[in-house]
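Residues per chain, in single letters:
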Amino acid sequence: SPLEYEDEIAIIDYVKTLPYIDGDRVGLIGMSHGGEMVLKITSEYHGAAAAVASEPASHEYLALTPDDTAFVNEETQLRNIEEMVMSETDKVRARIDMEVATGRAAGIETPILVMGRDDDHLQGIFRMSYELLAELGKDVEWVSWDHDLHGYVMPIRGADGEYEVNQVQLDAIAGVMAFLDGHLK
């Protein structure tokens, strides 16, 4: 629904009013659907200094017409995109409504780092999100990491309460921080 990103914009605007926050140095990071939310937000809202869209599940944002690898779950009656295979950018490009996607992305003014995951079945969507912005001349960077965990930049805690991270995650997180530091200082 449109309110999901309108609510986030209201939260960002509120956070920027807090006395201990520099409102000119607010950055966003979203992973998976949150990555798509970063694209939706920055298309209409220009109050963030930088943003990271990690593994953006931006099929709706790109106006993608799924193929038959996305099916309707009989129990929930919802489309199961978790099984959708969109790993090649050319396949994704051929299935998006470029006019709609371009119109949505045209308003982006925020520098964005788009992150992929090398062997993800939706890597073509992640990469197409980047390519669309690059083709429009937006301030955008691309990086992709080889990791088995969806959401690798947001580590999980182990049973002992400690974060479980490996070197790929540490390097990816350092890259996110360097990108944000470069735009938020």
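The following refers to the structure shown. (Residues numbered from 1 in each chain as written. Predicted model: local features only at pLDDT ≥ 70, side-chain atom pairs only at ≥ 80, totals over all residues. Heavy atoms only, no water.)

Here we take up the overall build of the chain. When its secondary structure is counted, the chain shows six helices and eight strands. Sequence-ordered secondary structure for the chain, helices as α and strands as β, is α-β-α-β-β-β-α-α-β-α-β-β-β-α. Taken over C-alpha atoms, the radius of gyration comes to 17 Å for the chain, in line with the 16 Å a tight globule of 185 residues would show. Based on the C-alpha atoms only, the size of the chain along its principal axes is roughly 50 × 45 × 35 Å. Considering the chain as a whole, with its 185 residues, one finds that 44% of them fall into the buried category. Here the analysis covers contacts within the chain between residues at least 6 apart in sequence; of these, 68% occur between residues at least 24 apart. Surface accessibility of the chain: about 9,800 Å² in total, with carbon and sulfur atoms responsible for 51%. If the 13 positive side-chain charges of the chain are averaged to one point and the 36 negative ones to another, these points end up 4 Å apart. (Helix = DSSP H or I, 4+ residues; strand = E, 2+ residues; numbered from the N terminus. Rg over C-alpha atoms; globule rule 2.2 N^0.38 Å. Buried < 20%, exposed > 50% of the residue type's maximum accessible area, 1.4 Å probe, protein only. Contact = heavy atoms within 4.5 Å. Areas by Shrake-Rupley, 256 points an atom, 1.4 Å probe, with all protein chains shown as cover. Lys, Arg positive; Asp, Glu negative; His and termini not counted. Charge placed at Lys NZ, Arg CZ, Asp CG, Glu CD.)

Turning our attention to the environment of leucine 28. Considering the arrangement of structural elements, one finds leucine 28 in strand β1 (residues 27-31). By relative accessible area, leucine 28 is classed as buried at 11%. Sequence separation of leucine 28 and alanine 49 is 21 residues, and the distance between their C-alpha atoms is 8.3 Å. Ignoring any residue separated from it by four or fewer positions in sequence, one finds leucine 28 in contact with Ile12, Val38, Ile41, Thr42, Ala48, Ala50, Ala51 and Val52.

For the rest of this paragraph, the subject is the pattern of salt bridges. Per the stated rule, a full pass over the model turns up six salt bridges. As a salt-bridge pair, arginine 117 and glutamate 55 come within 3.0 Å of each other at their nearest N and O atoms. Of this pair, arginine 117 sits in strand β5 (residues 112-117) while glutamate 55 sits in the loop between β2 (50-54) and β3 (71-72), and the two are 62 residues apart along the sequence. The exposure classification of arginine 117 matches that of glutamate 55, with both residues buried. Salt bridges here are not isolated pairs; linked through shared partners, they connect Arg93, Arg127, Glu131 and Glu135. (Salt bridge = Lys/Arg side-chain N within 4 Å of Asp/Glu carboxyl O.)

Tracing the sequence through the fold places threonine 42 in helix α2 (residues 33-44). Looking at threonine 42, the relative accessible area reads 0%, which means it is buried. From its side chain, threonine 42 meets the backbone oxygen of leucine 39 in a polar contact 3.4 Å long. Not counting the four nearest positions on each side in its chain, threonine 42 is found in contact with Leu28, Ala51, Gly107, Ile108, Glu109, Thr110 and Ile112. (Polar contact = N/O pair within 3.5 Å; in protein donor to acceptor, adjacent residues only side chain to side chain.)

Attention shifts here to the sheet that holds β1. The sheet built from four strands is open, its strands ordered β1-β2-β5-β6 with parallel pairing. The open sheet terminates on both sides in strands that have one partner only, identified here as β1 and β6 (140-145). Sheet twist, expressed as the mean angle between neighbouring strand axes with direction ignored, is 15°. Two strands pair when backbone bridges link them, and β2 and β5 are joined in this way by four bridges, in the parallel orientation. Paired with valine 52 across the two strands is leucine 113, which belongs to β5. In this fold α2 packs onto β1, β2 and β5, with an angle of close to 140° to the strand it touches most, β1. (Pairing = 2+ DSSP bridges. Axes fitted to C-alpha atoms, helices over the stretch in contact; angles between N-to-C directions.)

Bringing the side chain of glutamine 169 into the picture now. One can find glutamine 169 in helix α6 (residues 167-184). Residue glutamine 169 is classed as buried on the basis of its relative accessible area, which comes to 3%. Discounting residues that sit within four places of it in the chain, glutamine 169 has contacts with His147, Leu149, Tyr152, Pro155 and Glu164.

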